[in-house]
2 protein chains.
Amino acid sequence: MSVTYTDSPNPAASIAKERAQTSFDIDTMNEFLEGGSNQAALVKSLYLQFERDPILTTSTAVYDLTKDQKRELTAKKIARVAQYLEADTPTTFAKRLHLIHTVDPQVGTRIAVNLGLFVNCIRGNGTDEQFKYWVLTQGASQMKGIYGCFGMTELAHGSNVAGLETTATFDVETDEFVINTPHVGATKWWIGGAAHSSSHCATYARLIVKGVDHGVKTFVVPLRDANHDLMPGVSVGDIGAKMGRDGVDNGWIQFSNVRIPHAFMLSRYDRVCRDGTVHSAPLAQLAYSALLDGRVTMVYNSFRFGSRFITIALRYAVARRQFGKSSDGLGGEEQLLNYPLHQNRLMPYLASIYAMSATGDKMNWYLKDIINGLEASVRTADMSQIGAAIDDMKSLFVISASLKSTCTWLTSSLIDECRQACGGHGYSAYSGFGQGYSDWAVQCTWEGDNNVLAMSAGKAIVQHVQKVLKGKKVSGEFAFLNSYKADETSEVLKGPVGNLTTLLATFQTLVGRLSGHANEILGHSSGSWEVISVHQVNISKIFAHTYILSTFTKRIAEVSDFAINIQLTQLAQLYALSTLSQYSSLFLQYNVLAASTLAKVQAEVGNLNARIRPQVVGLTDSFMMPDFAINSALGSKAGDIYESYFNLVKNQNDPSVTKAPYSAVLEKMLNRQDLEVRERSERTEQVLRILGSTDE
Amino acid sequence: MSVTYTDSPNPAASIAKERAQTSFDIDTMNEFLEGGSNQAALVKSLYLQFERDPILTTSTAVYDLTKDQKRELTAKKIARVAQYLEADTPTTFAKRLHLIHTVDPQVGTRIAVNLGLFVNCIRGNGTDEQFKYWVLTQGASQMKGIYGCFGMTELAHGSNVAGLETTATFDVETDEFVINTPHVGATKWWIGGAAHSSSHCATYARLIVKGVDHGVKTFVVPLRDANHDLMPGVSVGDIGAKMGRDGVDNGWIQFSNVRIPHAFMLSRYDRVCRDGTVHSAPLAQLAYSALLDGRVTMVYNSFRFGSRFITIALRYAVARRQFGKSSDGLGGEEQLLNYPLHQNRLMPYLASIYAMSATGDKMNWYLKDIINGLEASVRTADMSQIGAAIDDMKSLFVISASLKSTCTWLTSSLIDECRQACGGHGYSAYSGFGQGYSDWAVQCTWEGDNNVLAMSAGKAIVQHVQKVLKGKKVSGEFAFLNSYKADETSEVLKGPVGNLTTLLATFQTLVGRLSGHANEILGHSSGSWEVISVHQVNISKIFAHTYILSTFTKRIAEVSDFAINIQLTQLAQLYALSTLSQYSSLFLQYNVLAASTLAKVQAEVGNLNARIRPQVVGLTDSFMMPDFAINSALGSKAGDIYESYFNLVKNQNDPSVTKAPYSAVLEKMLNRQDLEVRERSERTEQVLRILGSTDE
């Protein structure tokens, strides 16, 4: 405590008081959030190692690092993670990497480019032998020997992968591929790890054989030799500073007639024979499955990264007092979170994070099942099994596209709103919001631009409704669309608004009606999907929320602990009703509810905010995110926001240095001579009279 | 041009082609945007000096600077601006500073703290003699001799200024004030310029006389002497890294029994006599008028800063091609901006920026009139004149609160959406979006948190409606509320949706009905305004858009040039209809229009997007923002996005440095020995058998 004249405010007391009133067991709640007690225990044990590890741990000092310092620190952390990688089981490491993504997204990205994108590209596109060689024998899976990057996007092509322009021309004479960047626009761009880290690049290039363009295929192209020197014909550069994730060495790559052996083409589905005959399996569409893992991971990350920032904002809102008189008996002014507007800004986000936890967890298992099923079916070569596995994968493409875009947007808005809810202090780098937002923002763009993904998901859903309208059935996660009827336009949500089953039906109905309406517009147009692109994005968003709500409520139904169940049910109601309110224009427009019901929905959001309010400290504690991981001057568990914030500011900005290094510039300005003197008195009236421009 | 195998894409050709099809005179359009030909000419001449000035000009190199480098560069720029300040007329300098705010917000802020906040605080709170002494004689107005900062906010108090805790205790013995920071929470915090620049602080502190607390008053407290050394009892520190505006040296200040002469209290309205008697004029509320200038400026900045980023995104959207086949005859793929979804994401923002131009300009004049009127009335001491002037100022407080919050939020969303619309390249620091967003974000928080301002504006509007309901009239900008009738609930917008007069009435009606409904809720509650806080924010937003639309349409009516008028009218329609669509839930809920009409509104937004689409290059050229000011790899006038972006990346990140400074860390990791060796083979089966843990 500092020397003080009068009592300081005591924000920690507010947090402590509310922590004590928690009505449920936070360990049990944490197990729900983590998807079971085993996972919860694993997360805890990983946080323990993480915090104590001298290289991997973090602190607010990172917010003062320059880009170059971040790059170096990130490299050191990767080298340290490599040691854990050797010791971990795959499940443990996956969870460890997931936590790294939340605490230090730069490190997470730089690792995931190799272990995720590079390895998955080889897994998805290479033969079993190719996978074994590059990933296991050569060491990509251990970040040892080789380190891969993912050479998909180019300067002039991002979303339209089929339009990439790098070429891989088969030289039948030498049995080699010649990799070439034909012009500046085809320069590989944004390639994470290319600038300084990678030894090899999983390169997406057009296969050209005997002058015929066979479309985009994948090739392993070495970038650097074992001395980490660039290969001949390979030009690589750093693409420099970014909005965030400055620790990631994104680079550009130009290939100038770089020759690779025939065998470096990944040829699980596509292969070129020695004589130049090209064989493309009907499964070539699976070549992009490498991206699925990233999308699914981003849904899970949306939950955990979001939980970090909602914790900060809610703890601050409990600790901080402003304006009105305290209503909690601790004296002083009113807690921010006792204001209905402040509740309305933050509590729906808390509910959304809780809701997303179940979906994030589910998607991870779902993806594993599908990939395993697909690989098993391909090995059996049973075409009906393969067909079913491909259908599953197509569904996952749609669902993950919808969820990736909706969840990453949601978390992006969450961080921004949470920052604003912390007022001026949210703008301090040490609050964590600035870097958090900047790091996060790219999630809405990479590995499938959110609007492009949402359009594609929306299109698939409209196509499902088209099927239903033709009397066919759709299955799996889209089965609810089977009950869509074009002539049913009556209200779904009437009377009491809190019933979760009815709310789910409300969302499902809107997906159907939106899709049906979009399909009608499509029928009146020349068949171009672009006329309904705005609808497609809306359909995707509402579908994602339908999916999240459905998954969340199913998981809640399994919870037998009454105290936990009641909290989760309230959060599900708040999530559903506040989301409904956010998109209320659509619900009203399609008559899924009436304006009078919407008024009830809004009132109920207020009621739920107030009901959940006393449990907010417990509900954020349940994320069990340690202080070092939250890494914010405003969000520590103890809630001592003023003393601790002031101390870290002093530690990181030494007040004994009372003059800036550039002080002379300012002092010279302040102590400058009068203008007349500096002008050598050339413009005085007297001089001007002498020079003749003024009359006597 | 680089060596190339095949033709590069030619994005510049698309821009040039569309520039040529501009159907109106861009100089004339620019004059509209700038509020007349004189202002347009002034802006042009200032940009000319700005670009050529060796210190003040800027480039994408700034995106690679560290915080320390930004601080130093900012100081150099301030010293350079001081020279222009000596030569400029006030009007010229105001415009120069406004442009600086857009091109280099850090420099703008650091100057505005002294010339705006510090000087305005003295102007608003000091006697004429005090103003003359500190601002003119001592040189604050010339950034010479003294340089002030604005000591309002504290660590534990931001929005609630009346709750500040710094004390100024009158010592009747010595005829001095003793300034004190009683505890850590009362540390002055966020004080721009305090860390390194300021010589004096306009300090907001509680006046304590003979043990009685007279509330928050203002005092001039010297921080540093003429050698720039800290005064005794004054502790100052750097609050360190921020989300943005790192060039601004925000600081913290603690006063430990710092004595200042009696005369350093600013005493236009409040004064303490020699014997300790306190006189407070009834006008003491005007003490906060110092903040008005900032708020009004932010409305104007929202327009110009927004025009910078919408220009980048729209030029990129014309130059960039992806997916479908080109429809413009230039070959290749389709231009991004030909996709309806992309139009829908960006064109309404273009329309909003056009609409805000008129309001930004109007507010500047409006503020000047009111301040002058108030000062004149105070000098005459005519209480009825003073009363009228205060009423005007109160109106301006409401209007500027509503506009500041709505416009800064709008521009914040605009920057974020524009970044996302540029895909991955929007995430490059050299696109300008990252720093632009981070710099801008604080506008939603400082000088009145947006939610707090919106609530206060909403409250005032509800109070106006309460008056109307009691049969009284409200005047000025709120006069439209006089036609509000609680029992009128029929649709306003019916039939064709493009009529601007009807659209204005549609918005006005919603303001009335929202306020009336909020007032009803208030009547059913215990009288606490908090129950309608969500409504208050909505009311404020819709009011701001009503005001912007009204101002814009009035200005359009004065435009005789037909080609210009037609463009502006379309933009006004797009602004009104897309804003209506954005808030459509409210319009539907209050039955200002029917769902069937909303469908027409949305269709008409699409039509207007398509109609305005061919003029987009001309409409962004009309902002006449030079390339150096836009300062983006993606937004130059020529539109050569690939070559120029690639060249600047190479210039700022030397590709001949092929290994990172930290390369050894990575190489050591990649070339590490096998785990077994590093573990000294202590865990081999053989050893474990020897050690006895495994069975033979």
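Residues numbered from 1 in each chain as written. Chains lettered and ligands numbered in written order. Predicted model: local features only at pLDDT ≥ 70, side-chain atom pairs only at ≥ 80, totals over all residues. Heavy atoms only, no water.

**Some words on the UniProt feature "active site" (unreviewed entry) in chain A**
Residues and elements named next belong to chain A. Heads up, the rule is: UniProt positions are given in the numbering used here, feature names are shortened, and annotations may be inferred rather than shown by experiment. Counting from the N terminus, the helices are DSSP H or I runs at least four residues long and the strands are E runs at least two residues long. The contact criterion used is simple: two residues touch if any of their non-hydrogen atoms lie within 4.5 Å.
Residues annotated by UniProt as "active site" (unreviewed entry) correspond here to Glu447. Along the chain, the position of Glu447 falls in the loop between helix H11 (433–441) and helix H12 (450–469). What Glu447 contacts, discounting residues up to four positions off in sequence, is Leu117, Leu291, Gly294, Arg295, Met298, Lys404 and Leu453.

**Quick notes on the sheet that holds strand S8 (residues 251–255) of chain B**
All names here are of chain B. Defined as follows: Strand pairing is assigned whenever DSSP identifies at least 2 bridges connecting the two strands. The convention used is that axes are lines fitted to C-alpha atoms, helices contributing only their stretch in contact, and that angles between N-to-C directions extend from 0 to 180 degrees.
Read across the open sheet, the three strands follow the order S4-S8-S7; overall the sheet is antiparallel. In this open sheet, the two strands that pair with only one neighbour each are strand S4 (188–191) and strand S7 (234–238). Within the sheet, the average angular offset between the axes of one strand and its neighbour, ignoring direction, is 20 degrees.

**Considering the relation of the copies chain A and chain B**
Applied cut-off: We place the copies in one frame by least squares, fitting the C-alpha atoms of every residue whose pLDDT is at least 70 in both.
Once chain A has been moved 0.0 Å along the axis and rotated by 180 degrees, it coincides with chain B to within an RMSD of 0.0 Å. The relationship between the two copies is best expressed as a two-fold rotation axis. In terms of proximity to the rotation axis, the leading residue of chain A is A:Ser585, whose C-alpha is 2.1 Å off the axis. The overlap is high: 100% of the interface residues of chain A also sit at the interface in chain B, so the same surface is used on both sides.

**So, unusual backbone geometry**
The residue A:Arg680 is not glycine, and still its phi comes out positive at about 55 degrees. You can see A:Arg680 is positioned in the loop between helix H22 (675–678) and helix H23 (685–691).

**Considerations on the confidence of the model for chain A**
Rules: For every residue, the pLDDT score states the predictor's confidence, bounded by 0 at the bottom and 100 at the top.
Per-residue confidence for chain A gives a mean pLDDT of 95, with 98% of residues at or over 70. Across the interfaces of the predicted complex, the ipTM metric reaches 0.97, alongside a pTM of 0.97.

**Observations regarding the pairing of strand S1 (residues 148–151) of chain A**
Residues and elements named next belong to chain A. As a reminder of what qualifies: For every residue, the accessible area (1.4 Å probe, protein chains only) is compared with the maximum for its type, and the residue is labelled buried under 20%, exposed over 50%, or partly exposed between those bounds.
Along S1, one buried face is formed by Gly148 and Phe150 and the opposite face, lined by Cys149 and Gly151, is buried too. Pairing geometry for S1 and strand S5 (residues 200–209), over four bridges, is parallel. Residue pairing across strands places Gly148 opposite His200, the latter belonging to S5.

**A closer look at the UniProt feature "domain: Acyl-CoA oxidase/dehydrogenase middle" (unreviewed entry) in chain A**
UniProt records the feature "domain: Acyl-CoA oxidase/dehydrogenase middle" (unreviewed entry) at residues 149–258 of chain A, using the numbering of this structure. A distance of 17 Å separates the end C-alpha atoms of residues 149–258 of chain A, which is 0% helix and 45% strand.

**Overview of helix H6 (residues 105–125) of chain B**
Here is the rule we go by: Note that the bend at a residue is defined as the angle between axes fitted to the seven residues ending at it and the seven residues starting at it.
Considering bend angle alone, the principal kink of H6(B) is centred on B:Ala112 and spans about 45 degrees. Across the 21 residues of H6(B), 19 count as buried, placing the element largely inside the fold.

**Some words on the environment of B:Arg345**
Note the following rule: Any pair of N or O atoms that falls within 3.5 Å is considered a polar contact. Within protein, one atom must be able to donate a hydrogen and the other to accept it, and sequence-neighbouring residues count only if both atoms are side-chain atoms.
Of note, B:Arg345 is situated in helix H9 (residues 340–380). For B:Arg345 and B:Ala421, which are 76 residues apart along the polypeptide, the C-alpha to C-alpha distance reads 7.8 Å. Apart from residues no more than four positions distant in its own chain, B:Arg345 is found in contact with A:Asn451, B:Glu417, B:Gln420 and B:Ala421. Polar side-chain contacts of B:Arg345 include one of 2.6 Å to the side chain of B:Glu417.

**A few points about a positive patch on the surface**
Residues and elements named next belong to chain A. Here is the rule we go by: By definition, no residue in a patch forms a salt bridge, and every one has over 30% relative accessible area; like charges are joined within 9 Å, nonpolar side chains (Val, Leu, Ile, Met, Phe, Trp, Tyr) within 5 Å. The method behind every accessible area is Shrake-Rupley, applied with a 1.4 Å probe, and residues are considered shielded solely by the protein chains displayed. Every case where a carboxyl oxygen of Asp or Glu lies within 4 Å of a side-chain nitrogen of Lys or Arg is listed as a salt bridge. The positive count covers Lys and Arg only, the negative count covers Asp and Glu only, and His and the chain ends enter neither. To locate a charge, take NZ of a lysine, CZ of an arginine, CG of an aspartate or CD of a glutamate.
Positive charge collects at one region of the surface, where Lys394, Lys467, Lys470 and Lys472 lie side by side. Mapping Lys467 onto the fold places it in helix H12. Residue Lys467 is classed as partly exposed on the basis of its relative accessible area, which comes to 37%.

**Points about the packing of H6(B) against helix H7 (residues 128–137) of chain B**
All names here are of chain B. How we decide: Angles below 35 degrees are treated as roughly parallel, those above 145 as roughly antiparallel, those between 65 and 115 as roughly perpendicular, and all remaining angles as oblique. Crossings are assigned a handedness: left-handed for a near helix turned anticlockwise from the far helix by less than a right angle, right-handed for a clockwise turn. Note on residue categories: nonpolar means Ala, Val, Leu, Ile, Met, Phe, Trp, Tyr, Cys or Pro, charged means Asp, Glu, Lys or Arg, and polar means any other residue, Gly included.
With their axes 8 Å apart at the nearest point, H6 and H7 run at an angle of 160 degrees to one another. Our classification of the angle between H6 and H7 gives roughly antiparallel. For H6 against H7, the interelement crossing comes out right-handed. On the side of H6, the interface is formed by Val119, Ile122 and Arg123, while H7 contributes Gln130, Phe131, Trp134 and Val135. Of the residues in the contact of H6 with H7, the class split is five nonpolar, one polar and one charged.

**Overview of the packing of aromatic side chains**
Both the distance between ring centres and the angle between the ring planes are used here to describe each pair of aromatic rings. All names here are of chain B. To keep things clear, this is the line we draw: Centres within 6.5 Å make a pair out of two Phe, Tyr or Trp rings, where for Trp the six-membered ring is used; the pair is then stacked when the planes are under 30 degrees apart, edge-to-face when over 60, and tilted otherwise.
Applying the stated criterion to the full structure yields 45 aromatic pairs over all chains. With a centroid separation of 5.0 Å and an interplanar angle of 65 degrees, the aromatic rings of Phe177 and Phe219 are classed as edge-to-face. You can see Phe177 sitting in strand S3 (residues 176–180) and its partner Phe219 sitting in strand S6 (residues 212–222), a full 42 residues away along the chain. Here Phe177 falls in the buried class, since its relative accessible area comes to 0%.

**Some details on the interface of chain A and chain B**
Short version of the rule: In this description, buried area is defined as the sum, over both parts, of the accessible area (probe of 1.4 Å) that is lost when the two are combined.
Counting residues at the interface gives 131 residues for chain A, matched by 131 residues for chain B. Contact between chain A and chain B buries roughly 10,700 Å² in total, counting both sides, with carbon and sulfur atoms accounting for 59%. Contact with chain B buries area across many residues of chain A, yet A:Tyr427, A:Tyr662 and A:Leu670 alone supply 8% of it, more than any other trio. A:Asp64 serves as the salt-bridge partner of B:Lys67, at 3.9 Å between the closest nitrogen and oxygen. The interface formed by chain A and chain B holds 63 residue pairs in polar contact (both at pLDDT 80 or more) in total.

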